[in-house]
Amino acid sequence: MMSIPELFICPISLELFKDPVTLCTGLTYDRSSIQKWLAAGNLTCPVTMQKLDDPITMVPNHTLRHLITQWLQMGTQTQNSNRSDDHCVLETATIDSLASVKHVLKSNEFGFKSKVLALEKITSSPSTDYLLLQLGYLPLLLELVFGLVPEARVLLISEEYYCIKFVELALSCVLMLLPLGVELDSLNMLKEERKLSSFEVLLACGSAFIRINLCRLIEAVSASDSSSSSTSRRKRLCIVLGKHRGILNQLVQLILHPNDSEEEAADAAIRALSALSSFEENIESLVRNGMVNGLVTYITRTVNRERSLAPLATAIIERLLGVESAREELLNSNSNNGTSGNGIHALVKMVFRVSWSDVDDHEHHRGSESAVSSLLIVCNDSLSAREEAISAGVLTQLLLLMQSQCSSSTKAKARKLLKLLRTKWSQDSKQFISMV
């Protein structure tokens, strides 16, 4: 008789799955077993002890059921009919290997070196991605990364090689599995304070690779899907992340102080902030934690860099300027020599770039429109902002923009800004009025 692969055994009954269903935690149980558990008054996941959503949903795990059926069929095949078919036969060795890897990852008996070797086995076999997702690897990996015990944090801070390598590989696996999922409620564990604290520590002390992947995780969480209920849960998680002071502070630090080898991490932080700023509930929190100054610094530093995300950073600023304190921070942001007005100068630079004139680049054109929109917001209520913008050369920038291939909406905003600035134009600039 064949031994049952561990991944085919219900965690409650310890028997072969008959009708596997998956809970919001990402864990799978036999339907009859989990129903008995719930009927007894338990409102938590039996393995993770995480509180279950109300109403409790049980999603049939058709993939696991299909794999078990294939495995059972393998046991009844005769020697003469035992042919290999990569599309319909799952070898017992593969199941046993995944079970062995999962055991190593879950057990406290194995150190980080053993766990690294185990993770390398599954990352080198992309054909098993969907199987890993269906067999509960996603919640396990999330728990391993963000459930770091104090001793592991010490190793991470001390740059212990295998600890860092383990987190890098585990995060890579998480990002590999996320796009394959439909219901990703296991991400809800990140709302726990202990997990958020680990997120902050990893951003502060992790390698550049870890920081980049954490930013990508924020992006992935914010991505919408076809399920309205899933979208709502993702939004709640994004709001929790967007209001966590420690996480936001670390994202700002990534933008403000990248090493030469970590400019990619700064770019990843910009994308993460763009994701968080897409939720209105996060705007005030982002402003309070210094995002405006961080974004201005990024634009000033990277505006002339090839493949810069300065246009995206400008679009984020536009979103933040609905808050009065954001407008004040933009006006008072300092340049490297300590003088004010760096925020206005950064926006003026983004109005039009010569290198964009012959390129039909949606991102660059969006950056121009966001820059003009942002200048309209701050110049409308501030004489000093209008003076600063004119001093920075905004008039020439606007006229060049209007002669470019930008959208009609961008040109309309540029005309509006020119009219707003008309009262401050110098005598030498009056010739430009007729062009408006």
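What counts, and where the lines are drawn
- Residues numbered from 1 in each chain as written.
- Predicted model: local features only at pLDDT ≥ 70, side-chain atom pairs only at ≥ 80, totals over all residues.
- Heavy atoms only, no water.
- Helix = DSSP H or I, 4+ residues; strand = E, 2+ residues; numbered from the N terminus.
- Buried < 20%, exposed > 50% of the residue type's maximum accessible area, 1.4 Å probe, protein only.
- Contact = heavy atoms within 4.5 Å.
- Areas by Shrake-Rupley, 256 points an atom, 1.4 Å probe, with all protein chains shown as cover.
- Core = buried A, V, L, I, M, F, W, Y, C linked by side-chain atoms within 4.5 Å.
- Expected span 1.5 Å × (residues − 1).
- Pairing = 2+ DSSP bridges.
- Axes fitted to C-alpha atoms, helices over the stretch in contact; angles between N-to-C directions.
- Parallel < 35°, antiparallel > 145°, perpendicular 65-115°, else oblique.
- Left-handed = near helix turned anticlockwise from the far one by under 90°.
- Phe/Tyr/Trp six-rings, centres within 6.5 Å; stacked < 30°, edge-to-face > 60°.
- Salt bridge = Lys/Arg side-chain N within 4 Å of Asp/Glu carboxyl O.
- Disulfide = S-S within 2.5 Å.
- Nonpolar A, V, L, I, M, F, W, Y, C, P; charged D, E, K, R; others polar.
- pLDDT = per-residue confidence, 0-100.

Comments concerning the overall build of the protein chain
Move 1: Of regular secondary structure, the protein chain possesses 22 helices and three strands.
Move 2: Out of the 436 residues belonging to the protein chain, those deemed buried represent 50%.
Move 3: Within the protein chain, contacts between residues separated by at least 24 positions form 67% of all contacts whose residues are at least 6 apart in sequence.
Move 4: A total accessible area of about 21100 Å² is found for the protein chain, and carbon and sulfur atoms account for 50% of it.

Quick look at the nonpolar core
Move 1: Judged by nonpolar contacts, the single largest core of 132 residues is most densely connected at Leu-105, Phe-146, Leu-217, Leu-251 and Leu-320.
Move 2: Here Leu-320 is in contact with Ile-283, Leu-286, Val-287, Met-291, Val-292, Leu-295 and Ala-326, once residues within four sequence places are set aside.

Notes on helix 10 (residues 208-222)
Side chains that are three or four residues apart share a direction in an α-helix, a result of its 3.6 residues per turn.
Move 1: Here helix 10 contains 15 residues, and its C-alpha end-to-end distance of 22 Å stays within 8% of the 21 Å for a straight helix at 1.5 Å per residue.
Move 2: Of the residues making up helix 10, those classed as buried are Ile-210, Arg-211, Ile-212, Asn-213, Leu-214, Cys-215, Leu-217, Ile-218 and Val-221.

Regarding the sheet that holds strand 3 (residues 59-60)
Move 1: Pairing in this open sheet of three strands is antiparallel, and the strands run 2-1-3 from one edge to the other. In the strand order of this sheet, the two ends are held by strand 2 (28-30) and strand 3, each with one partner.
Move 2: Bridge count between strand 1 (residues 20-22) and strand 2: three bridges; the pairing is antiparallel. Within strand 2, the residue paired with Thr-22 across the bridge is Thr-28.
Move 3: Lying on the sheet, helix 1 (residues 31-39) is in contact with strand 1, strand 2 and strand 3; it crosses strand 2 at an angle near 95°.

A few points about helix 16 (residues 310-320)
Move 1: Most of helix 16 is tucked away, with nine of its 11 residues classed as buried.
Move 2: Listed as buried for helix 16 are Ala-310, Pro-311, Leu-312, Ala-313, Thr-314, Ala-315, Ile-316, Ile-317 and Leu-320.

Quick word on the packing of helix 9 (residues 193-205) against helix 10
Angle between the axes and distance between the axes: these two values describe a pair of packed helices.
Move 1: At a closest axis distance of 8 Å, the pairing of helix 9 and helix 10 adopts a crossing angle of 140°. It follows from the interaxial angle that helix 9 and helix 10 lie oblique. Of the two possible hands of crossing, helix 9 and helix 10 adopt the one that is left-handed. Mapping the contact onto sequence places Phe-199, Leu-202, Leu-203, Ala-204 and Cys-205 in helix 9 and Ile-210, Arg-211, Leu-214, Leu-217 and Ile-218 in helix 10.

Structural notes on the packing of aromatic side chains
Move 1: Evaluated as defined, the whole model comprises three aromatic pairs.
Move 2: Each ring, one from Phe-112 and one from Phe-166, has its centre 5.4 Å from the other, and the planes form 50°; the classification is tilted. Of this pair, Phe-112 sits in helix 4 (residues 112-123) while Phe-166 sits in helix 8 (residues 161-177), and the two are 54 residues apart along the sequence.
Move 3: The class for Phe-166 is buried, based on a relative accessible area of 1%.
Move 4: Taking 5.3 Å as the distance between ring centres and 15° as the angle between the ring planes, the aromatic pair formed by Phe-146 and Phe-199 counts as stacked. Here Phe-199 lies in helix 9 and Phe-146 lies in helix 6 (residues 137-146), a separation of 53 residues in the sequence. For the residue pair Phe-146 and Phe-199, the accessibility class agrees, reading buried in each case.

Re the pattern of salt bridges
Move 1: For the coordinates displayed, the defined rule picks out 11 salt bridges.
Move 2: Two residues, Lys-195 and Glu-143, come together in a salt bridge whose shortest N-O distance is 3.4 Å. You can see Lys-195 sitting in helix 9 and its partner Glu-143 sitting in helix 6, a full 52 residues away along the chain.
Move 3: Note on Lys-195: relative accessible area 2%, which makes it buried.
Move 4: Residue Glu-143 is classed as partly exposed on the basis of its relative accessible area of 31%.
Move 5: Residue Arg-305 pairs with Glu-263 through a salt bridge whose shortest N-O separation is 3.5 Å. Taken together, the residues span a long stretch of sequence, with Arg-305 in the loop between helix 15 (291-302) and helix 16 and Glu-263 in helix 13 (residues 263-277) at a distance of 42 residues.

Digging into the state of the cysteines
Move 1: With the rule as written, the count across this model stands at zero disulfides.
Move 2: The thiol of Cys-24 is unpaired, and the distance to the nearest cysteine sulfur, on Cys-45, comes to 7.8 Å.
Move 3: Under the relative-accessibility criterion, Cys-24 is labelled buried at 8%.

Description of the packing of helix 10 against helix 13
Move 1: In contact at an axis separation of 8 Å, helix 10 and helix 13 are set at 20° when each is read in the N-to-C sense. Considered as vectors, helix 10 and helix 13 are oriented roughly parallel to each other. In the crossing of helix 10 with helix 13, the sense of the turn from one axis to the other is left-handed. For the pair formed by helix 10 and helix 13, the contact residues are Ile-212, Cys-215, Arg-216, Ile-218, Glu-219 and Ser-222 on the first element and Glu-264, Ala-265, Ala-268, Ala-269, Arg-271, Ala-272, Ala-275 and Leu-276 on the second.
Move 2: Residue composition of the contact of helix 10 with helix 13, by class: nine nonpolar, one polar and four charged.

Some remarks on unusual backbone geometry
Move 1: Even without glycine at this site, Leu-14 takes up a positive phi of about 60°.
Move 2: With respect to the element layout, Leu-14 can be found in the segment before strand 1.
Move 3: We classify Leu-14 as exposed; its relative accessible area is 63%.
Move 4: The backbone of Met-49 shows a phi angle near 60°, a positive value even though the residue is not glycine.
Move 5: Examined against the element boundaries, Met-49 turns out to sit in the loop between helix 1 and strand 3.

Things to note about the confidence of the model for the protein chain
Detailed reading of the predicted coordinates is not advisable wherever pLDDT falls low.
Move 1: Looking at the protein chain as a whole, its pLDDT mean stands at 82, while 80% of the residues score no less than 70.
Move 2: The spread of mean pLDDT over the elements of the protein chain runs between helix 7 (residues 150-157), the lowest at 70, and helix 14 (residues 283-288), the highest at 96.

A closer look at the environment of Ala-220
Move 1: Looking at where Ala-220 falls in the secondary structure, it is placed in helix 10.
Move 2: You can call Ala-220 partly exposed: its relative accessible area is 24%.
Move 3: The sequence separation of Ala-220 and Arg-234 amounts to 14 residues, and the corresponding C-alpha distance is 9.5 Å.
Move 4: Each residue touching Ala-220, except ones within four places of it in the same chain, is listed here: Leu-178 and Arg-234.

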